[in-house]
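Coordinates in review
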Amino acid sequence: MNVREAAFDLFREHRMTTIFGNPGSTELPMLAEFPEDFRYVLGLQEAVVVGMADGFAQASGRATHVNLHTAPGVGNAMGAIFNAQANKSPLLVTAGQQVRAQVTMNANLTNRDATRVVHPFVKWSYEPARAEDVPLALGHGIHVASTAPRGPAFVSLPMDDWNVGVDEAEVGHAIERSVSSRSGADPASVEAIAKRIAAAKNPVLVVGPDVDASGGWDDAVALAERQKLPVFASPAPGGGRIGFPEGHPLFQGVLPPAIGPVAETLKGRDLIVVVGSSVFPYYPYIPGPLLPEGAELVAITSDPDEAARAPMGDAIVADVALTLKALVAEVPEGDRAEPDPLPDPGAGEEMDPISPTMANHTLAGVLPEDAIVVLEAPSATLSVRNQLRISKPGSYFFGAGGGLGFGLSAAIGVQLAQPDRPVVCILGEGSAQYAITGFWTAAAYDVPVTFLVLRNEEYAILKWFAGIEEVQGAPGLDLPAVNTSEVAKGYGVPAERVSGADELEASLKKSFGSDGPSLVEVPVQPGMALF
Ligand SMILES: Cc1ncc(C[n+]2csc(CCOP(=O)(O)OP(=O)(O)O)c2C)c(N)n1
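Presented here is a report on the structure given in the accompanying data block. Here the structure is a predicted model, which means the values were calculated and not measured.

Attention now moves to the overall build of the protein chain. The secondary structure content of the protein chain amounts to 22 helices and 18 strands. Relative to the 2.2 N^0.38 estimate, which gives 24 Å for 531 residues, the radius of gyration of the protein chain is 24 Å and therefore close to what a compact globule would have. Its C-alpha atoms give the protein chain principal-axis dimensions of roughly 70 × 60 × 45 Å. Relative to all contacts within the protein chain whose residues are 6 or more apart in sequence, the contacts with residues 24 or more apart total 77%.

If you want it as structure tokens, here you go:
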């Protein structure tokens, strides 16, 4: 047995038979005699390769292998690896390295200091000391990436390692090992929070992305219903996933992403229970009290760093789904009055071009029951949440890191992981450009994503931020004449530009009915859309 055979057996054992990559000469030895039970998904630029793997890993819930080309490939991928870390996406990122004999002399394409390059964005970074250690190192990377908090791990792989022989019995242990890391909370802590919830006069539940990722959706609903807790989603910038049905009568909306406004929104609450979110993914700095007067906060997170760095409140580090289940069993039935449900956002005014609100409203009218939404249209984020009120688990993916390029590429990975569910990817035309070559992969592999591009001819969110930051006269915020539908056609994705709600509706229906990728570009009004 050689290193390559052992490595591919290891990948098989972990059901990692889809590899996302962009190859170079240093990766070819790994890809030799590529086994038939594996699928290699080619991306044309590394930001897209990692973004696709990120979407695939999140939507499949499994560690996913992404293979990059030595230093420049990793360099191109860095923004996407940053995103994968923020998304807690279990990625095994590997990159080829020069032949061992030429690393010390720094021959061409040597990934000099390979393990340091990615260091801040991965949980673990390694180059095996010997070729024979490659399978064990890859296993190490897979286990690190898959245990809480999940995230990318990196292994640098010298290109002459693959044909080296390994001891089959020894390597067999590395291949077969499993690591289980879901740990429940200390029963005394669960009992204490249950008591605090039951005794609180005006408690509230704040739900974040790890509720969905941990499989805790039904228990979050059960907890809220049992105690009649009003529920908020954690602030949108860090809300890479939705953890609670947004059409549920207890749902009260998305928390604003800044210190003062969060305290203002939660005014009058005496207990804030946060599950599966950092406290909090703030973005603009709008100072104010961290908590409303008289409020206490307790957070449940599987991420020790999230627990440690929170500026206020108590925290319990444990698997989010297991802890929610334990809490449901522990809390009594509450008899609080139910809050008023959120008002219907409405479709807004008729305009030409249509408003983003109208575009999202139109999408909501034709969205298939079991659709998955991947979103990267910054100024329309809240409008999408309000119009679609997504209410099924595993149905929303958003780049929690904020690095553009996630949306277009992740949608392809999500669709590959969930071939039986329709995927719609809502993009700002600015955002689409960061991963534009993803259209080629969607076309080449016939990945049936419906892309909806909201064309407002500007960086609308940055104009909104300019207002908040009191910046006047900043250049570079307009984006006229980017013709995304024509560009998509050039990569092989059927595309059309439509105008008005009726054409949009017809085009979206056609798109959802097709078995391949397609794109609908619709001009919309400039500016921020809240509803
Ligand atoms: C990699 C990266 N570069 C730059 C930015 C800064 N940025 C945030 S939003 C934005 C504009 C997005 O434009 P568009 O997708 O058209 O959406 P709109 O704001 O118009 O809704 C930019 C450039 C970023 N978030 N990520």
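Most of strand β10 (residues 271–275) sits out of view: five of its five residues are buried. The two faces of β10 match: L271, V273 and V275 on one face and I272 and V274 on the other face are all buried. Both β10 and strand β11 (residues 296–301) contribute to a ladder of five bridges, which runs parallel. Residue pairing across strands places I272 opposite L297, the latter belonging to β11.

Read from one edge of the open sheet, six strands run β2-β1-β3-β4-β6-β5, paired in parallel fashion. Each edge of the open sheet is held by one strand with a lone partner, namely β2 (39–42) and β5 (125–126). As paired elements, β5 and strand β6 (residues 153–158) share two bridges and run parallel to each other. Bridge assignment links Y126 to a residue of β6, and that residue is V155.

Another point: the packing of aromatic side chains. If you walk through the whole model with that rule in mind, you get 14 aromatic pairs. Seen in terms of ring centroids, F82 and F121 are 5.3 Å apart; in terms of plane orientation they differ by 75°. Their pairing is edge-to-face. Of this pair, F82 sits in helix α4 (residues 70–86) while F121 is found in the loop between α6 (114–117) and β5, placing the two residues 39 residues apart along the sequence. Classification of F121 as partly exposed rests on a relative accessible area of 22%. A centroid spacing of 5.1 Å and a plane angle of 70° characterise the contact between W464 and F465, whose relative ring orientation is edge-to-face. The rings of F8, F11, F34, F38 and Y40 are connected pair by pair, giving a single aromatic cluster. Over the face of the ring belonging to Y396 we find R385, whose NZ or CZ atom lies 5.0 Å from the ring centre.

What follows concerns helix α17 (residues 406–417). End to end, α17 covers 16 Å across twelve residues, agreeing with the expected 16 Å (1.5 Å per residue, within 8%). Among the residues of α17, F406, G407, L408, S409, A410, A411, I412, G413, V414, Q415, L416 and A417 are the ones counted as buried.

If you look at the biggest cluster of nonpolar residues, it comprises 58 residues, and the most contacted ones within it are L205, I426, L452, L454 and L504. The dominant element in this core, judged by the number of residues it contributes, is helix α11 (residues 217–227), at five residues. Grouped together as the second largest cluster of nonpolar side chains are 52 residues, V41, A80, V122 and L408 included.

The next subject is a nonpolar patch on the surface. On the surface, a cluster of nonpolar side chains totalling about 230 Å² of accessible area is made up of I286, W464 and I468. Relative to the helices and strands, I286 resides in the loop between β10 and β11. I286 gets classed as partly exposed once you look at its relative accessible area, which sits at 32%.

About the criteria used
Residues numbered from 1 in each chain as written. Predicted model: local features only at pLDDT ≥ 70, side-chain atom pairs only at ≥ 80, totals over all residues. Heavy atoms only, no water. Helix = DSSP H or I, 4+ residues; strand = E, 2+ residues; numbered from the N terminus. Rg over C-alpha atoms; globule rule 2.2 N^0.38 Å. Contact = heavy atoms within 4.5 Å. Buried < 20%, exposed > 50% of the residue type's maximum accessible area, 1.4 Å probe, protein only. Pairing = 2+ DSSP bridges. Phe/Tyr/Trp six-rings, centres within 6.5 Å; stacked < 30°, edge-to-face > 60°. Lys NZ or Arg CZ within 6 Å of the ring centre and 35° of its normal. Expected span 1.5 Å × (residues − 1). Core = buried A, V, L, I, M, F, W, Y, C linked by side-chain atoms within 4.5 Å. Patch = residues over 30% accessible without salt bridge, like charges linked within 9 Å, V, L, I, M, F, W, Y side chains within 5 Å. Areas by Shrake-Rupley, 256 points an atom, 1.4 Å probe, with all protein chains shown as cover. Salt bridge = Lys/Arg side-chain N within 4 Å of Asp/Glu carboxyl O.

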